Amino acid sequence: MRRSRVPVAVVVIAVFLACVATAIGVVSWVAEDVSSDLTDQEMTCCWEEGATPAWMSDQLGIRIPERASDRRSGYKTGQRYDTGLLAFVLPTEDAERYTGRLVRSGTEMIGNLHPEEKDYRPAAAFGHLGLPEPETFVQGLRKASLCPDGLASPEGKYLQRCIDLFAHEFAPGTTRIYVRSTIEPSITPPPAGKAP
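Quick caveat, the model's predicted, so the values are computed rather than measured. (Residues numbered from 1 in each chain as written. Predicted model: local features only at pLDDT ≥ 70, side-chain atom pairs only at ≥ 80, totals over all residues. Heavy atoms only, no water.)

*Asks:* I'd like a description of the overall build of the protein chain, backed by residues and values.
*Replies:* Helix and strand counts for the protein chain stand at three helices and five strands. When the helices and strands of the protein chain are placed in sequence order, the string is α-α-β-β-α-β-β-β. Of all intrachain contacts in the protein chain linking residues separated by at least 6 positions in sequence, the fraction that spans at least 24 positions is 64%. Summed over its atoms, the accessible surface of the protein chain is roughly 12,400 Å², and 56% of this surface lies on carbon and sulfur atoms. (Helix = DSSP H or I, 4+ residues; strand = E, 2+ residues; numbered from the N terminus. Contact = heavy atoms within 4.5 Å. Areas by Shrake-Rupley, 256 points an atom, 1.4 Å probe, with all protein chains shown as cover.)

Written out as structure tokens, the structure is:
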């Protein structure tokens, strides 16, 4: 009886491929871990204190209605751009009137036809304010992007920066307005000091 022998070259190649696969797995795991750490650091880094809803309202040119409740805001500095966040709650009828006075006549806010996954984390997340990201909602969400150039609507004339505007009816008769704006750091300095 003759035994078949596996050529040494085949064994060497198999061992080499196993080592390469292991190395790729380790590198992928380390890269994912580092990426996750950097993402977590990016999410928590560079939020300025003192960015009150009133201050953010002034910076963006978004007037907050007197009846608004649960007012929240944040300002995050970045390497290339800063980001301002503003959110408040209105009764749905008031929210409809408010967005109708902000959006140009004849323009409709659209639904979220392509929602982000629940774990969506933009660089300047509303999660910092304790809120879910509006881009993840489908039901009850309307959105629009607005810029001040030639926006002659009753509220739009106050707008200072381009914004993404979201209106989400999160409970019957109750709507949260979300505003996010990308801001050139050289134009808008971060807030100074802590707010009272």
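*Asks:* Tell me about the sheet that holds strand β5 (residues 174-183), residues and numbers included.
*Replies:* Taken together, five strands build an open sheet; the order of strands is β1-β2-β5-β4-β3 and the sheet is antiparallel. With partners counted over all chains shown, the strands left at the sheet margins are β1 (69-76) and β3 (141-146), one partner each. Each strand of the sheet is rotated relative to its neighbour by a mean of 15 degrees, with strand direction disregarded. For strand β4 (residues 163-171) and β5, the ladder comprises seven bridges, and the chain directions are antiparallel. Of the residues in β5, the one forming a bridge with Phe-166 is Tyr-178. Helix α2 (residues 53-60) contacts β1, β2 (82-91) and β5 of the sheet and is inclined by roughly 65 degrees relative to β1. (Pairing = 2+ DSSP bridges. Axes fitted to C-alpha atoms, helices over the stretch in contact; angles between N-to-C directions.)

*Asks:* Kindly report on the side chain of Thr-136, identifying the contributing residues and their values.
*Replies:* Considering the arrangement of structural elements, one finds Thr-136 in the loop between α3 (92-102) and β3. Accessibility expressed as a relative area gives 8% for Thr-136, which makes it buried. Of the polar contacts made by the side chain of Thr-136, one reaches the backbone oxygen of Glu-133; its length is 2.7 Å. (Buried < 20%, exposed > 50% of the residue type's maximum accessible area, 1.4 Å probe, protein only. Polar contact = N/O pair within 3.5 Å; in protein donor to acceptor, adjacent residues only side chain to side chain.)

*Asks:* Account for the packing of aromatic side chains, with residues named and values stated.
*Replies:* Per the stated rule, a full pass over the model turns up three aromatic pairs. Judged by centre distance (5.7 Å) and plane angle (80 degrees), the ring pair of Phe-88 and Tyr-98 falls under edge-to-face. Of this pair, Phe-88 sits in strand β2 while Tyr-98 sits in helix α3, and the two are 10 residues apart along the sequence. A residue is classified by how much of its surface remains accessible, and Phe-88, at 0% relative accessible area, is buried. Here the guanidinium or amino end of Arg-176 rests over the ring plane of Phe-170, the centre of that ring lying 5.0 Å away. (Phe/Tyr/Trp six-rings, centres within 6.5 Å; stacked < 30°, edge-to-face > 60°. Lys NZ or Arg CZ within 6 Å of the ring centre and 35° of its normal.)

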